[in-house]
Structure formats: structure tokens, C-alpha cells
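Analysis of the macromolecular model
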Amino acid sequence: MKNLHSIMLDKDKCKGCTNCIKRCPTEAIRVRNSKARIIDQRCIDCGECIRTCPYHAKYAVTNSLEEIKKFDYKIALPAPSFYAQFEVDNVNKLLYALLELGFDDVFEVAKAAEIVTHFTKQFILSEKNKKPIISSACPAVVRLIQTKFPDLIENILPIASPMEVAAYIAKKRIQKEKGIEEDKIGAFFISPCAAKMTYVNRPLGFSRSYVDGVIAIKDIYGLVRSKLREIKDIKHLSIASGKGIGWAASGGESLALEIEEYVNVDGIHNVVKVLEEIENGRLKDIVYFEGLACSGGCVGGPLTVENPYVAKNRIKRLSSKLKDKEESFSSWTEEIINSFSLKLEDVLFEKELETNPVLELDSDIERAMEKFEKLNNILSMLPGLDCGACGSPTCKTLAEDIVRGFANDTDCIFILRENIKELANKMVELSNKLPPSLERNDE
């Protein structure tokens, strides 16, 4: 059975420090018995806990390079952020290095990003969606909306991500050119984040993914660097433009769309704040919202190696360097779209996104109302400091946990202290009280 999530906990390394519970955007972590516990139903695999944990107790489960050997023909799908991890003068060196690692072919996700941009422009003009349209490129943000902002699901752009489009086109091309059956072709995404692994196991908007595996950038970084030193003859492999590569950094997707009425935000907590504004109807004038879970965009993913600020600068320089070749790159995009007869309908979601009802107290309305009233009564007794000492991220979540039967009111250190104080006073009172046979009557 495939894992529900790619973010895992190493209990042996966990010290129960509560740092992670305060940073999780969906309040998916609790600390009980001095160990963290990830609540599967709440987790969106944003990787924030990986960044936060000082003991490296959180980690991402991805595929190893060895797993590509299961397929007769192996295709590497490098994310645009992959280019930003290395200081090279020619991206073709990086793509050739992937071939040296054992891949038979490479298809750039940056080129697929240009194709997604092409169809997104059509979708915006079609006026089919509620405004603002919310980018679906970041799976962590999509799952965040499903969990915390279900009213905004209709705003999500129902178009396949560049990773998915890249895998689809790459496989169809090899089938067409080499006659290899699809199940013998393995497409592996070279990823900056864990959320993509979760997507492959549990696709969003589709019943299946054309991606067969996800390999972390950090896991092959050293191997690629060693291959770069050996490369002498460079093959021209790259067909991605600066616009496609620009998707690696926050704002790149919006700039590629060439629209003025947009907002781009990076960092999951900043995304939450803007989604709250959208939910409250305060951003009605914008057409497009680009939200990315990682700070700086995909260049800041938890599975990357390079400093995100350095990486973002490299993406900027690389995009600028390729700007004068936009016309030829654009013709390649049209050629790919035409050769596969791709239309907007071909990249739209196959099924509607569903809400994640994890925040509901009960499926039965009457019982839910009773629990809600009990929750408020408990919450009124709690100090409201959100200190996290109880193992729940906030006083409200502790109240929820108590109502659900996962915690006790004495888990709150302040209530426990008051109970101990009251008990101590009673013990003092009892210690001064003698049995009737020993009591003295001084009258």
C-alpha cells in the first residue's frame, strides 16, 4: 500500500521539544509522552516541520536512484529549481549529467511549465472560474485549501501541474518515436519538495499520475556534481525558455502569464494570511493568485541544497540570459502542443477536488453542535496563551483534543498547577484535623 504522506517522523531522534507544533500550518502535530505525532488527516506535506525540527526527526520519503532500474526506458524530469543548485554556465551540462547517472532521456519540467502557461492563459480568457484563480502548481497549497479553506476550492485552477504534463508528454513521445510500451517507461521527477511525492501517490484532480517516482534533489546533488567535472562534450538538450525556468522562484509563474492583476506569495504562513483575505472577499480585484509553500518558491524547498537566496538569484540570471531566445523557445512550445494535438480540455482535471473534513467535530450535526458547545466551555477555562506546553499547538486545539478524547484538561500546565494548589490546600487542612478521639476540649 502506498503511503498517505511523504513526511515521516523518526521517533528515536524526536526530543518532544514542541518546536514543530507551533510552525505546522494545519495544526497536524501533537506531542504526547515526549514524542511528536503527525496526524495523517491534517498533514499537507508542506515540509515546514522538516525545516523547523532542530533534531532532524522529520524527514521525507522519496525514491532512490536505484529504482529507475525497474524500467526499460528511464526519463528524468528535472524541476526548474534543479538548475539553481549548481553554478554552471550552461544548463545542458546538468541535463547531460542526468543521462550519465543512468537516465535514457530528459524532459524539462520548465518546458512543461510553458505549456501550462499557454493553457492557463486560455482558461483565464474563458471566464470559467471564480476570481481570483488560484494556482494549482503547488500541491501543498492545494491540500491546504482542501483542509482549511474549502470555500476556495472552486477558485483553484483545474489544470495539471507542469510535472504531470511533462511526464505525460515525455511518455507519449517515447511511445511514438521508439514504440516502447508505456508501462516499461519510467518517468522520475527530480524534486525540491516532499509534496510532489505525496501527489504521485495521491494525485490531485486525477485518478492516476504519469510520474513513476520522485527523487530528491539533495539525494543526487553529489552525484551530479561529480559528473559535471567529467563532462567535456556538451550535447544541446535544453529546450526550456527563461519563462519556464522562472517558475522555480516565487512570481515566475505570474510573470510568465503576462497579466497585471496578480498576487504572488511564498512561505506557507504567508499563503495562509492571503487565503484568509481572499476568503473574506478583500481581494476581488486580482485575477490570479500564485501561492507557493516554500520561502522563495521551489528554490527554497526542503529537499534542495543551495541557499534559497543564492538559488533565486541564479534563476533570475539564467532567465535573463535566455530572454533573447524567447522566440525560438516559443516555437518549440507550439511544436510540442501541435505534435500531440493538445487542447485545453486535455490538461483539465478529470475529477473535482474534494474537501478534507478533518476539522469537523462530528459528522452528525446535532452531536457536532453539542461538542462545539463543550469545546467553548473548555476553552473559556484555558489561559489562552497558546504556549504549546500541553503538546497541542494552541489552547483551541487542546480544547478540540479534549472533546475528541485525545487529551485531558490537566494537560494544561496552568490548570494542573491550580489543581495541585487546591489539593495542597486540602492536604494542609486535613493535616491540621485530628480524629475525634484525640481532639481536646479546652472548655
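Quick notes on the rules
- Residues numbered from 1 in each chain as written.
- Predicted model: local features only at pLDDT ≥ 70, side-chain atom pairs only at ≥ 80, totals over all residues.
- Heavy atoms only, no water.
- Domains from an automatic or database assignment.
- Contact = heavy atoms within 4.5 Å.
- Buried area = accessible area lost by both parts, 1.4 Å probe.
- Salt bridge = Lys/Arg side-chain N within 4 Å of Asp/Glu carboxyl O.
- Axes fitted to C-alpha atoms, helices over the stretch in contact; angles between N-to-C directions.
- Helix = DSSP H or I, 4+ residues; strand = E, 2+ residues; numbered from the N terminus.
- Parallel < 35°, antiparallel > 145°, perpendicular 65-115°, else oblique.
- Left-handed = near helix turned anticlockwise from the far one by under 90°.
- Nonpolar A, V, L, I, M, F, W, Y, C, P; charged D, E, K, R; others polar.
- Buried < 20%, exposed > 50% of the residue type's maximum accessible area, 1.4 Å probe, protein only.
- Pairing = 2+ DSSP bridges.
- UniProt positions renumbered as here; feature names shortened; annotations may be inferred.

Section: the domain arrangement of the protein
In terms of domains, the protein is made up of domain 1 (7-60), domain 2 (65-346) and domain 3 (365-432). Put simply, the middle of domain 1 and the middle of domain 2, counted by C-alpha atoms, are 27 Å apart. Across the contact, 13 residues belong to domain 1 and 17 residues belong to domain 2. Approximately 1,200 Å² of surface area, both sides summed, lies buried where domain 1 meets domain 2, with 65% of it carried by carbon and sulfur atoms. Inspection of the region where domain 1 meets domain 2 yields zero salt bridges.

Details of the packing of helix α15 (residues 365-381) against helix α16 (residues 395-404)
For the pair α15 and α16, interaxial distance at closest approach is 9 Å and the crossing angle is 130 degrees. Viewed along their axes, α15 and α16 adopt a mutual orientation that is oblique. The crossing of α15 and α16 is right-handed. Contacts between α15 and α16 involve K371, K374, L375, I378 and L379 from the first element and C395, K396, A399, E400, I402 and V403 from the second. Grouping the amino acids of the contact of α15 with α16 by side-chain chemistry returns seven nonpolar, no polar and four charged.

As for the pairing of strand β5 (residues 73-78)
Sheet faces and side chains relate simply in a regular strand, where the side chains alternate between the two faces. Among the six residues of β5, six are classified as buried, and the element is accordingly described as predominantly covered. The side-chain alternation of β5 yields two buried faces, one formed by Y73, I75 and L77 and the other by K74, A76 and P78. Here six bridges tie β5 to strand β8 (residues 185-191), and the two strands are oriented parallel to one another. Residue pairing in the sheet places L77 in a bridge with F189 of β8.

Looking at the environment of P78
By secondary structure assignment, the location of P78 is in strand β5. P78 sits in the buried class, given a relative accessible area of 0%. For P78, the contacting residues outside a window of four places in its chain are Y83, L95, L98, V106, F107, E108, V109, A110 and I190.

Regarding the pattern of salt bridges
This model, assessed by the stated rule, comprises 23 salt bridges. Connected through shared salt-bridge partners, E87, E306, R314 and R317 make up one network.

A look at the sheet that holds strand β11 (residues 288-292)
Within a beta sheet, neighbouring strands are joined by backbone hydrogen bonds and run either parallel or antiparallel to one another. Spatial ordering of the open sheet is given by β7-β11-β10, a layout of three strands whose pairing is parallel. In this open sheet, the two strands that pair with only one neighbour each are β7 (133-134) and β10 (262-266). When β7 meets β11, the two strands line up parallel, connected through two bridges. The residue of β11 that forms the bridge with I134 is F289.

Overview of the UniProt feature "domain: 4Fe-4S" (unreviewed entry) in the protein
UniProt marks residues 367-429 with the feature "domain: 4Fe-4S" (unreviewed entry), using the numbering shown here. Helix and strand shares over residues 367-429 are 67% and 0% respectively, and the end C-alpha atoms of the span are 42 Å apart.

Thoughts on the packing of helix α5 (residues 139-148) against helix α11 (residues 268-279)
If you want to describe how two helices pack, look at the angle between their axes and the distance between the axes. At a minimum axis distance of 11 Å, the contact between α5 and α11 shows a crossing angle of 50 degrees. Looking at the two axes, α5 sits oblique to α11. For the crossing formed where α5 meets α11, the hand is right-handed. In this structure, α5 contributes V141, L144, I145 and K148 to the contact, and α11 contributes I268, V271, V272, L275 and E279. Partitioned by chemical class, the residues of the contact of α5 with α11 number seven nonpolar, no polar and two charged.

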